[in-house]
Amino acid sequence: MAALNPVTDNPYESMDRRSDEDLALALQDGDRAAFDELVRRHQGRVYAVAYRLSGNREDALDIAQEALFKAYRKADSWSPTGSFVAWLLRLTANLALDQLRRQKRRPTDRWEDGYTGETLETGALEGVTERAVRGAEIDERITAALSTLSPSQRTAFVMRHYEGHALSDIAPVLGCTVGSVKVHLFRALRKLRVELRDLYED
Amino acid sequence: MKNCENLQGTMAAAFYGEASEDERAELDAHLATCSDCRAEYEALGKLVRSIPRTELPIDADLLPELRRRITVVPLWRRREAYAVAAACIAVAFVVASLGPAREPETVAPQTTVKALPELSPAQAALARASSYESERNYAAAYKTLMDAEEGNADAADMGGVRLRMAELAFERLQMYKQAHKHYEDVAVKHNELFRNAPENGYRLEILAEAAAVDYDSLYGLDAARRYGVDGLETYENVLAKYPGTFVASIAAAEMADAVRQRDGLGSDETLVAMETALEGCEHPLAIAQLKIELAHLYRVNDNNVERARTLYNEVLAVENPVLAQAARSSLNEMDSGARSQ
């Protein structure tokens, strides 16, 4: 299953035609400008992974920041034989996972702060199509459902479903075997099915 | 049936195309006979197909904050430091690879609860600080580390604590005087740790230089960063006030970054961006600083010695001893055939 295409899905338009891997090699040589370009291209995707794993904007921005900072500091540990963005996103997931495991609060507590479960006020949405509203509601429901998963389940699901990482790449992030990743993934799907039953089942 | 649970992992893998042919066959065979699993397979499969991979656009720009934490060191300043760092990284790798291998887990029943290994004060403090940091409470993290250091100043493993304090003070809390002290401590007491990252060396150099003006140059740089592309004049102020300093060098590089972002230039167009920044400046000292930076770039990155020479000579005409000295020594280097720096 192919991962999202970072070029077509990214609103940032760049004049720089170099590939991510060329930029990463330049970064390893100490080229700070190359790093800037990589940040502009991929901060959105790093943020998306962080958001889906942490469930809220502030944590996601922090994690994204840390991930990019770490990528700069540890650029030498990226091996040019693999995709730079995949490496960056694994790094992001690692950081997010660390935080999830460290937090003593249950994930659902965090979500309850912001999620009301009510539909958006129509007065504030003049001109917005019903479809966009519905889309936003679904996104909120899915994010809420994700927060009911355990850290490992959440990470396995986000990395596979949204980012298309191979299960063998997810295993080292979770610190388990590929077989365990599959089980985490299955349990994630089972829980999501329960949480999203009214959305997707007849 | 018992087999149901064993095949759950395979089912999940199959949804995402990662089940082997044999696994698929085993799964299909089971689904043919087990209606419960078949129902679940269809429901979960539908779920996988239904959950959309929507875009989650980021509504903030992370670059300005990253700038604060990553010292923008102009390439021409960087060369020497990298040779040192490379040697240090090689040493660090050897040390890291000598760590203990994972033991296979035994299945012997345990009659006593294993005691957790005791953490040293430094390790405990670092763990607590890390926890505070994940809640964005950097002041509390710093205090935790400070308390540990005060109580156990002579402990052998305090290096990590001191370095973390230096980093927090510099990157998060903008406490430059304290950061200066901590980096100095690390450099003196824990030298291998210090040399592990070239970043540490740059920061100490910057802080030592900024101490002469009570770190005002750094606070000025922070102010300029807050404005970013909207405040190129603020960067210009820093250049004008502290010509010839490391901070001015950094300000020039970040000014070029800001121009690059504003004008949509590629990351390989630093020279163009800096020339543009130069055009927008009015203060003679700021202009001179940018010319020096440009000259260095032309000489080192672009091998355009003619342009470099012209710029250095223009700086000589500005009556500032610091910048004139920098220009003069660079011209001497070029004349004597020496390359770089």
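No experiment lies behind these values; they were computed from the predicted model shown. (Residues numbered from 1 in each chain as written. Chains lettered and ligands numbered in written order. Predicted model: local features only at pLDDT ≥ 70, side-chain atom pairs only at ≥ 80, totals over all residues. Heavy atoms only, no water.)

**Student:** Looking at this structure, how should I read the overall build of chain B?
**Tutor:** Check the secondary structure of chain B and you find 19 helices and 0 strands. Taking all 341 residues of chain B together, the buried fraction comes to 47%. When the accessible area of chain B is evaluated, it comes to approximately 17700 Å², of which 53% is carbon and sulfur surface. (Helix = DSSP H or I, 4+ residues; strand = E, 2+ residues; numbered from the N terminus. Buried < 20%, exposed > 50% of the residue type's maximum accessible area, 1.4 Å probe, protein only. Areas by Shrake-Rupley, 256 points an atom, 1.4 Å probe, with all protein chains shown as cover.)

**Student:** Where do I start with the nonpolar core in this structure?
**Tutor:** Across soluble globular proteins, you tend to see nonpolar side chains buried next to one another. Phe157(A), Leu192(A), Leu196(A) and Ile51(B) are the most contacted members of the largest nonpolar core, which totals 83 residues. The greatest single-element share of this core, amounting to 11 residues, is contributed by helix H2 (residues 32–54) of chain A. Apart from the residues lying within four places of it in its own chain, the contact partners of Phe157(A) are Leu146(A), Tyr162(A), Leu185(A), Ala188(A), Leu189(A), Leu192(A), Tyr16(B) and Ile51(B). Met158(B), Leu168(B), Leu239(B) and Ala248(B) belong to the second-largest nonpolar core, a separate cluster that totals 71 residues. (Core = buried A, V, L, I, M, F, W, Y, C linked by side-chain atoms within 4.5 Å. Contact = heavy atoms within 4.5 Å.)

**Student:** What should I look at first to understand the pattern of salt bridges in this one?
**Tutor:** One side chain can pair with another of opposite charge once the charged atoms of both are near each other. By the definition in use, this model includes 34 salt bridges over all chains. The partner of Arg57(A) in a salt bridge is Asp59(B), and the shortest N-O contact between them spans 3.1 Å. Of the two residues, Arg57(A) sits in helix H3 (residues 57–73) while Asp59(B) sits in the loop between helix H4 (35–50) and helix H5 (63–69), which places them in two different chains. Of the residues examined, Asp59(B) reaches a relative accessible area of 54% and is grouped as exposed. In this structure, the salt-bridge partner of Asp28(B) is Arg24(B), at a minimum N-O distance of 3.2 Å. Placement of the pair is Asp28(B) and Arg24(B) together in helix H3 (residues 21–33), with a separation of 4 residues, close to one helical turn. One continuous salt-bridge network, built from bridges that share partners, spans Glu66(A), Arg73(A), Arg69(B), Glu133(B), Arg164(B), Glu167(B), Glu171(B), Arg172(B), Glu199(B) and Arg203(B). (Salt bridge = Lys/Arg side-chain N within 4 Å of Asp/Glu carboxyl O.)

**Student:** Honestly, the packing of helix H7 (residues 151–162) of chain A against helix H9 (residues 178–195) of chain A in this entry has me stumped. Any pointers?
**Tutor:** Two quantities define a packed helix pair, namely the angle between the helix axes and the distance between the axes. Residue and element names in this part refer to chain A. Here H7 crosses H9 at 90°, and the two axes come no closer than 8 Å. Comparing the axis directions of H7 and H9 gives the class roughly perpendicular. Across the interface between the two elements, Ser 152, Gln 153, Ala 156, Phe 157 and Arg 160 of H7 pack against Val 181, His 184, Leu 185, Arg 187, Ala 188, Leu 189, Lys 191 and Leu 192 of H9. A per-class count over the contact of H7 with H9 returns 7 nonpolar, 3 polar and 3 charged. (Axes fitted to C-alpha atoms, helices over the stretch in contact; angles between N-to-C directions. Parallel < 35°, antiparallel > 145°, perpendicular 65-115°, else oblique. Nonpolar A, V, L, I, M, F, W, Y, C, P; charged D, E, K, R; others polar.)

**Student:** For this particular structure, what's the right way to read the environment of Arg57(A)?
**Tutor:** Here Arg57(A) falls in the partly exposed class, since its relative accessible area comes to 33%. A C-alpha to C-alpha distance of 8.8 Å links Arg57(A) and Tyr47(A), two positions 10 residues apart in sequence. Those residues in contact with Arg57(A) that lie beyond four places of it in its chain are Tyr47(A), Tyr51(A), Asp59(B) and Ala60(B). Only 3.1 Å separates the side chain of Arg57(A) from the side chain of Asp59(B), close enough to count as a polar contact. (Polar contact = N/O pair within 3.5 Å; in protein donor to acceptor, adjacent residues only side chain to side chain.)

**Student:** Would you explain the interface of chain B and chain A in this entry?
**Tutor:** Often, the extent of an interface is quoted as the loss of accessible area on bringing the components together. Contact with chain B, which involves 61 residues of that partner, is made by 58 residues of chain A. Around 5600 Å² of area is buried between chain B and chain A when both sides are counted, 55% of it from carbon and sulfur atoms. Where chain B packs against chain A, one counts 10 salt bridges. Where Glu66(A) meets Arg172(B), a salt bridge forms, and the shortest distance between an N and an O atom there is 2.7 Å. Seen at the junction of chain B and chain A, the total is 20 residue pairs in polar contact (both at pLDDT 80 or more). Secondary-structure elements contributing two or more residues to the side of chain B that touches chain A are helix H2 (8–15), H4, H5, helix H6 (75–97), helix H7 (121–134), helix H9 (159–172), helix H12 (198–211) and helix H15 (246–263) of chain B. If you tally residues by element for the side of chain B that touches chain A, the top one is H4(B), at 7 residues. Of the residues that constitute the side of chain B that touches chain A, the class distribution is 26 nonpolar, 13 polar and 22 charged. (Buried area = accessible area lost by both parts, 1.4 Å probe.)

Purely geometric numbers; function is a separate question.
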